[in-house]
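Structural overview for review
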Amino acid sequence: MIVIENVAVATVDAEDTYHADGHVVVGDDGRIAAVGAGRFPADLPRVDGTGCLVTPGLVNTHHHLYQWATRGLALDETLFGWLTTLYPIWGRLDAEIVGAAAGAGLGWLALSGCTTSMDHHYVFPRDGGDVLEAEIEAARRLGVRFHPTRGSMDLSRKDGGLPPDNVVEKTDEALAATEAAIDRWHDPSPDAMLQIAVAPCSPFSVTERLMSEAAELARRKGVRLHTHLAETDDEEDFCRERFGCTPVEYAERLGWLGDDVWLAHGVHLDDAAIARLGATGTGVAHCPSSNARLGAGAARVRELLDHRVPVGLGVDGSASQEAAHLGEELRQALYTARIRGGPGALNAREALRLGTMGGARCLGRQDDLGSIEVGKLADLVVWRLDGLGHEGIDDKLAALVFGPAAPVELSLVGGRPIVERGELVHGDAETLAREARRAHDRLLRT
Ligand SMILES: [Zn+2]
């Protein structure tokens, strides 16, 4: 057992309990044994958290790790312009490139306070090898709790979709490979380090048949469903022209609303759509920096929360949001909400809740992750807030959310350290950067 003490604690429990000077005790089972104010009265190994704040580990609810290999391209494009520039490059991905990109992306996420990340991988080149295995290996090495999704695309340009023919799969092959990924990798246990979800890519790259059969597959297997929805005006126009309805109406028609579904973005939602998401318990992965980078718009987060929609944060793929820093998304979420709705639209506690408990709900892990409560998994981040960038802000939670990106003093996943004093425990940032650079060069030059 280990005690973290002399530390501010933001528990993100139902009452938002906050201790300006408290402790957290991690048990030998990798779960939280105690949390409270003041010191813990027992003779146990101690970590001195003076100058720090401990929060639940951040949960990343939307990402495309492979995109680390194609950062810095199509910098001034809309989503559709950016995608059509990048699809041909992604058609040359292979397992080595995806492994290097995932290592860099996950290493950077860990250093930004993330302890659990999903990944949405939907490009499977025919001769590219086992790209899903490559990113799972990267997560295992670094110790990050991982929720990769088996994505897919089967609607290419010749059938009225956006992607070129060489990056899509045949519908039956995509479904069979998705089922095989669940059988091989998905761990349903409460302590799981690895869970799979089913994730056809988007309305403009997936057929209606793949969408509806993917939903049936996920429910038959007891895993969750994810896709992109309502990200841009272009997508809304596409849905109205092709399907005669809004993206959310389209999703509902195909069985894609429910408390086992979370949707990436949800930027362009009218009042009726928000009400349907709330009534069905459908989650939203809010990606404010990516939405800003692509000029897609600002999600109506206040309204989503007021309708009890589970909302998590996502960095989105690192080619549409080069910073890819989950800690910074806390501030970006707060700013985005306030640009739309004024200073009362979102506060620091709510921003932290999006990044922790909201994310855990999107991934279906709210019983074991997302808050610091006795019995939950000890996925914790100790943020250092007494350096030049933060010292002098009395409220440590305000310092974390309003201040610059905070250094991670200690990050635990199931009680095991993955970051200590700003360094990866199970990897080397320079090596990861070098491997990512090599992958980028190989992909762009071939
Ligand atoms: Zn995305």
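Just above, that's the structure.
Residues numbered from 1 in each chain as written. Predicted model: local features only at pLDDT ≥ 70, side-chain atom pairs only at ≥ 80, totals over all residues. Heavy atoms only, no water.

Some details on the overall build of the protein chain
The criterion, for reference: Secondary structure is summarised from DSSP: a helix means a run of H or I of at least four residues, a strand means a run of E of at least two, and numbering begins at the N terminus for each. A simple rule labels every residue: compare its accessible area, found with a 1.4 Å probe on the protein chains alone, to the largest value its type can have, and call it buried under 20%, exposed over 50%, or partly exposed in between. Should any heavy atoms of two residues lie within 4.5 Å, those residues are considered in contact. In short, Shrake-Rupley with a 1.4 Å probe defines the accessible areas, and a residue's cover is counted only from the protein chains shown. Counted as positive: Lys and Arg. Counted as negative: Asp and Glu, with His and the chain ends omitted from the count. Where a charge lies is defined by one atom per residue type, namely NZ (Lys), CZ (Arg), CG (Asp) and CD (Glu).
Of regular secondary structure, the protein chain possesses 14 helices and 17 strands. On the principal axes, the C-alpha backbone points of the protein chain span a range of 65 × 45 × 40 Å. In the protein chain, buried positions account for 62% of the 446 residues. Long-range contacts, defined as pairs at least 24 residues apart, comprise 74% of the intrachain contacts of the protein chain with a sequence gap of at least 6. When the accessible area of the protein chain is evaluated, it comes to approximately 16400 Å², of which 49% is carbon and sulfur surface. Positive and negative side-chain charges in the protein chain, numbering 44 and 67 respectively, have mean positions lying 1 Å apart.

Some thoughts on the coordination of the zinc ion
Ideal values differ by geometry: the angle at a metal is 109.5 degrees with four tetrahedral donors, but 90 or 180 degrees with six octahedral donors. Note the threshold: In this analysis a donor is any N, O or S atom within 2.8 Å of a metal ion (3.2 Å for sodium, potassium and calcium), and since water is not included, sites may seem incomplete. Any site counts as irregular unless it has four donors with all angles between 85 and 135 degrees, making it tetrahedral, or four or six donors with opposite ones more than 155 degrees apart and the rest between 65 and 115, making it square planar or octahedral.
Every protein donor of the zinc ion is accounted for by His-62 (NE2), His-64 (NE2), His-228 (NE2) and Asp-316 (OD), and the metal-donor separations fall at 2.0 to 2.5 Å. Metal-centred angles of 87 to 174 degrees between the 4 donor atoms at the zinc ion mark the site as irregular. For the zinc ion, the donor residues sit on a single chain with the sequence spacing H-x1-H-x163-H-x87-D. You can see His-64 sitting in the loop between β6 (58–60) and α1 (79–90) and its partner Asp-316 sitting in the loop between β13 (311–313) and α11 (326–341), a full 252 residues away along the chain.

Looking at the packing of α11 against helix α12 (residues 348–362)
Two quantities define a packed helix pair, namely the angle between the helix axes and the distance between the axes. Heads up, the rule is: The angle between two axes is taken between their N-to-C directions and runs from 0 to 180 degrees, where each axis is a line fitted to C-alpha atoms and a helix contributes only its stretch in contact. An angle below 35 degrees is read as roughly parallel, one above 145 as roughly antiparallel, one from 65 to 115 as roughly perpendicular, and any other as oblique. Helix crossings fall into two classes, left-handed where the near helix is turned counterclockwise from the far one by less than a right angle and right-handed where it is turned clockwise. The residue classification treats Ala, Val, Leu, Ile, Met, Phe, Trp, Tyr, Cys and Pro as nonpolar and Asp, Glu, Lys and Arg as charged. All others, Gly included, are polar.
In the contact formed by α11 and α12, the axes pass within 9 Å of each other and the chain directions differ by 125 degrees. One way to sum up the angle between α11 and α12 is to call them oblique. Crossing geometry of α11 relative to α12 is assigned as right-handed. On α12, the residues touching Leu-330, Ala-333 and Leu-334 of α11 are Ala-348, Ala-351, Leu-352, Leu-354 and Gly-355. For the contact of α11 with α12, a count of residues per class yields 7 nonpolar, 1 polar and no charged.

Some thoughts on the pattern of salt bridges
Defined as follows: The working definition used for a salt bridge is a side-chain nitrogen of Lys or Arg within 4 Å of a carboxyl oxygen of Asp or Glu.
In this structure the tally under the stated criterion is 33 salt bridges. Glu-173 is the salt-bridge partner of Arg-126, the closest N and O atoms lying 3.3 Å from each other. Placement of Arg-126 in the loop between β7 (114–121) and α3 (131–142) and of Glu-173 in helix α4 (residues 171–185) is noted, with a sequence separation of 47 residues between them. Residue class for Arg-126 comes out exposed when judged on its relative accessible area of 64%. We note a salt bridge from Arg-384 to Asp-386, for which the minimum N-O separation is 2.9 Å. Here Asp-386 falls in the partly exposed class, since its relative accessible area comes to 29%. Each member of the salt-bridge network shares a partner with another, and the members are Glu-179, Asp-183, Arg-220 and Lys-221.

Points about unusual backbone geometry
One non-glycine residue, Asp-16, lies in the positive phi region at around 55 degrees. Note on placement: Asp-16 falls in the loop between β1 (2–10) and β2 (18–26). When its relative accessible area of 25% is taken as the criterion, Asp-16 is described as partly exposed.

Focus on the nonpolar core
One recurring pattern in soluble globular proteins: nonpolar side chains tend to sit buried together. Condition: To form a nonpolar core, buried Ala, Val, Leu, Ile, Met, Phe, Trp, Tyr and Cys residues must be joined to one another through side-chain atoms within 4.5 Å.
Formed by 124 residues in total, the largest nonpolar core has its most connected members in Trp-82, Trp-90, Leu-106, Trp-256 and Leu-400. For Leu-400, the contacting residues outside a window of four places in its chain are Leu-53, Thr-55, Leu-330, Leu-352, Trp-383, Leu-385 and Ala-406. Core analysis: the next-biggest nonpolar cluster, separate from the first, contains 14 residues, Val-9, Ile-32, Ala-378 and Val-382 among them.

Topic: the pairing of strand β3 (residues 32–37)
Basically, it comes down to this: DSSP bridges decide pairing: two strands pair if at least two such bridges lie between them.
As judged from the 5 bridges shared by β2 and β3, these two strands associate in the antiparallel manner. Pairing of Gly-22 across the sheet is with Ala-37, part of β3. Between β2 and the antiparallel strand that follows it, β3, lie 5 residues; Gly-30 among them carries a positive phi value of about 80 degrees.

A short note on the packing of helix α2 (residues 95–111) against α3
Between α2 and α3, the shortest axis-to-axis distance is 8 Å and the interhelical angle comes to 35 degrees. Here the hand of the crossing between α2 and α3 comes out right-handed. Only Val-131, Ala-134, Glu-135, Ala-138, Ala-139 and Leu-142 of α3 make contact with α2, whose side of the interface consists of Ala-95, Val-98, Gly-99, Ala-102, Gly-103, Leu-106 and Gly-107.

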